[in-house]
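Given next are the chains, with one letter for each unit.
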Amino acid sequence: MGYAEIYDRALRDPESFWGEAAGAIHWDAPWEKVLDDSGAPFYRWFPGGRLNTCYNALDRHVDAGRGDQPAVIYDSPVTGTKRSIRYREMRDEVALFAGALARLGVGKGDRVIIYMPMVPEALISMLACARIGAVHSVVFGGFSAHELAARIDDARPRVVVAGSCGIEPSRVVPYKPMLDRAIEQAEHKPEHCIILQRPQGPATMVPGRDLEWSEALVGAEPQGCVSVAATDPLYILYTSGTTGRPKGVVRDNGGHAVALQWSMEHVYGVKPGEVYWAASDVGWVVGHSYIVYGPLLHGCTTIVYEGKPVGTPDPGAFWRVIAEHGVSVMFTAPTAFRAIKKEDPRAEYLARHDLTGFRALFLAGERCDPDTLNWAAAMLDRPVIDHWWQTETGWPIAGNFLGIERLPVKPGSAGRPVPGYDVCILDDQGDEVPAGTMGRIMLRLPMPPGCLLTLWNNDRRFREAYLDHIPGYYLTGDSGYLDEDSDLYVMGRIDDTINVAGHRLSSGAMEEILAAHPAVAECAVIAVADDLKGSLPLGLVVVKSGVTQEPDDLCRELVAKVRDEIGPVAAFRKVVVVDRLPKTRSGKILRGVMRRIADNEAYQTPATIDDPAILDEIRTRLRTIGYANVSADGEV
Ligand code: COA
Ligand code: AMP
């Protein structure tokens, strides 16, 4: 069957389609119904079914004879370490760590926050939670204590598992002091912390609360897999919303396992036993789905890479990993390839490695500019596939289908809708627009298995943020269009979030931090184009009257404040003081126009602007920090 036929079948008869796909998963008890729509717009997949995700990711492969196959290859150029963990060893290490958690009182439904660098113990912690039915919530290491505290208060974990430090090429990042500060700030106090001591930056323990990883394992009883309901939560993953309060995306066990296993075979076209590498971080959804669960559910070998695309030690790092570990299919963000292209434009490092078994590169996380895609395809001489999805869906919404049919790649497009997703482009009134016309990208309900169930403890916010805009549809938050062939073009976000190096961040949260400074009267944060990271945040602030602080000094303070409260990952480095912000007569700040001015794009002065002269002032100020180098009429 080709793509078109499979796509039609999945939409026409989702129950038979996904019921059949679920046959690839081991169930402890069969489901009563494939799809329960009785609580629409809340849908549940496989109600009545029981399974264990960790069993499906590890034990069943050992039982089926894959015990000696590497499950995880840890490759860490920043520490000079390599380690291969076979499926049998992984199962045993996970079972033992699950015993350590159980001994601290963690059981089914309890939450565990994981704040770890890219080490195998991060995967072991996640799978150990899944094994005993606990709900993990992984927090990316580049987030600050403040962000970690917000997640602790929302998820209310019994235990936090953390690394003592992360290792960035330029420095060791102590995680433990960040964790201590977060617990101090949070209202909810976890009972225990388990700390993986790393020799590069050992942590100081809090007696009575903290245990070292090795200590936690002593005398722990290996745990078996607890059978959970298909609809029970497997994890919570926080993603940036339009305000400082992150949204806790909740994923189930059953639908998730079915969707990820299906995607490994049909989207990525990999077979059990092959090596699949997602160069991302376990703190992001890409890490959850395609470093941990997808490859392991499918019986592949996954790679945990603790390094960067460049500088660890050179722009040939990715090629070395592919060649050395026999990677068949790789997934990363376009930013990584922009970084490689910048340092090695002729891909001279590529020629030093044998990539014979490498079949395809998938890119996602941000819009992929055609230049980067074309460059990667020319250098690699293999399919380079842009595909689109988000934390909420957990797996691709649009892409190409190496396991079904390789469709023509159109640079600039994220491919065709994935079977199970009914992708629609709607205008503000909720009407479908013709092919080629931009609009909001919406998904007609129900979404396929694997997508978010709700937001943690907040069904209301889930409805308001995603479902209430146009009844019967899920709002992706992206804008774009479908062409005549149903190829999708994702052009950008329609909310106050921005994408920096493939990471979704909240410009609204950055504005809240700037606005809280005593010298700031009002502010705006916009995303400006960046050659490497796709976009970068830029702050514009209006100072309160009577403030005498030097603007440069204030800007430095604001940069430090955002770094402290969100984390280095925000890459917030530029702020400029302006006299006024452009607004409509009803007081809405014209962020879009400022962004266009900064990026030298053509724009029209909105008819509703209260004072058009402000735009010239903004342009003048932006020039002082290297933006807006072209005048409105296109002259430099
Ligand atoms: N723990 C602590 N700090 C971290 C961190 C972590 N896990 N990850 C990143 N940081 C810090 C970095 O050290 C950097 O700090 P700095 O401001 O002091 O330099 C900051 O957060 C920004 O990091 P990063 O986005 O990695 O930028 P970079 O300039 O260090 O590297 C790239 C640029 C292109 C090499 C890098 O962005 C990259 O590898 N991108 C790939 C994209 C990717 O993996 N996306 C995931 C979604 S698929
Ligand atoms: P996150 O949930 O952090 O992974 O961010 C998801 C968002 O990143 C999407 O909603 C898009 O805005 C953007 N994104 C991800 N992949 C793509 C892509 N292939 N093309 C364009 N934008 C993308």
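Higher on the page you've got the structure.
Think of each chain on its own: its residues are numbered from 1, step by step along the sequence as written. Ligands are numbered from 1 and chains lettered from A, in the order in which they are written. It should be noted that, the model being predicted, local features are given only for residues of pLDDT at least 70 and side-chain atom pairs only at 80 or more, the latter also being counted only at that level, while totals for whole chains, interfaces and linings use all residues. To obtain the side-chain values, all non-hydrogen atoms of the structure were used and water was disregarded.

Brief notes about the environment of Glu-89
And then number 1: The helix count covers DSSP runs of H or I at least four residues long, the strand count covers runs of E at least two residues long, and both are numbered beginning at the N terminus. Along the polypeptide, Glu-89 turns up in helix α4 (residues 87-103).
And then number 2: Each C-alpha atom, one on Glu-89 and one on Val-62, is 9.6 Å from the other, the two residues being 27 residues apart in sequence.

Focus: the site of ligand 2
And then number 1: Taken together, 14 residues sit near ligand 2, with Asp-386, Thr-391, Asp-478, Arg-493 and Arg-504 positioned nearest.
And then number 2: Counted as a polar contact is a pair of N or O atoms within 3.5 Å, where, for protein atoms, one must be capable of donating a hydrogen and the other of accepting one, and residues adjacent in sequence contribute only when both atoms are in side chains. Here Arg-493 contributes a side-chain N or O atom positioned 2.7 Å from an oxygen atom of ligand 2.
And then number 3: Here Asn-499 contributes a side-chain N or O atom positioned 3.2 Å from an oxygen atom of ligand 2.
And then number 4: With residues, only the protein chains shown are counted as cover, and all accessible areas are computed by Shrake-Rupley using a 1.4 Å probe. Within the complex, 94% of the 490 Å² of free accessible area of ligand 2 lies under protein.
And then number 5: Under the scheme applied, nonpolar residues are Ala, Val, Leu, Ile, Met, Phe, Trp, Tyr, Cys and Pro; charged residues are Asp, Glu, Lys and Arg; polar residues are all the others, including Gly. Split by residue class, the shell around ligand 2 holds three nonpolar, five polar and six charged. It suffices for a single heavy atom of a residue to lie within 4 Å of a molecule or strand for the residue to be listed as near it.

Some remarks on the pairing of strand β29 (residues 520-530)
And then number 1: Where β29 meets strand β30 (residues 534-543), ten bridges bridge the pair, whose relative direction is antiparallel. Each residue of the ladder has a partner; that of Ala-524, found in β30, is Leu-540.
And then number 2: A strand pair is defined by DSSP finding two or more bridges across the two strands. Following β29, the chain reverses through three residues before pairing antiparallel with β30.

Remarks on the site of ligand 1
And then number 1: The local shell around ligand 1 holds 24 residues, among which Glu-168, Lys-308, Lys-533, Arg-563 and Arg-573 are the closest.
And then number 2: Contact distances for ligand 1 include 3.4 Å between a nitrogen atom and a backbone N or O atom of Gly-141.
And then number 3: Within the side chain of Lys-533, a nitrogen or oxygen atom sits 2.9 Å from an oxygen atom of ligand 1.
And then number 4: A total of 940 Å² of accessible area belongs to ligand 1 in isolation, and the protein chains cover 84% of it.

Overview of the pattern of salt bridges
Oppositely charged side chains are able to pair whenever their charged atoms sit close together.
And then number 1: When a carboxyl oxygen of Asp or Glu is within 4 Å of a side-chain nitrogen of Lys or Arg, the pair counts as a salt bridge. The full count for this structure, using the stated rule, is 46 salt bridges.
And then number 2: Between Glu-147 and Arg-151 there is a salt bridge, with its nearest N and O atoms 2.7 Å apart. Of this pair, Glu-147 and Arg-151 both sit in helix α6 (residues 145-155), separated by four residues, roughly a single helical turn. Take Glu-147 and Arg-151: they sit in the same class, and that class is buried.
And then number 3: The residue Glu-392 makes a salt bridge to Arg-504 at a minimum N-O spacing of 2.8 Å. With Glu-392 in the loop between β20 (384-386) and β21 (398-399) and Arg-504 in strand β28 (residues 503-506), the pair connects residues that are 112 residues apart, well separated along the chain.
And then number 4: For every residue, the accessible area obtained with a 1.4 Å probe (protein chains only) is divided by the maximum for its type, and the residue is called buried under 20%, exposed over 50%, and partly exposed between those limits. Here Arg-504 falls in the buried class, since its relative accessible area comes to 13%.
And then number 5: Residues participating in the shared-partner salt-bridge network are Lys-410, Arg-416, Asp-483, Asp-485 and Asp-487.

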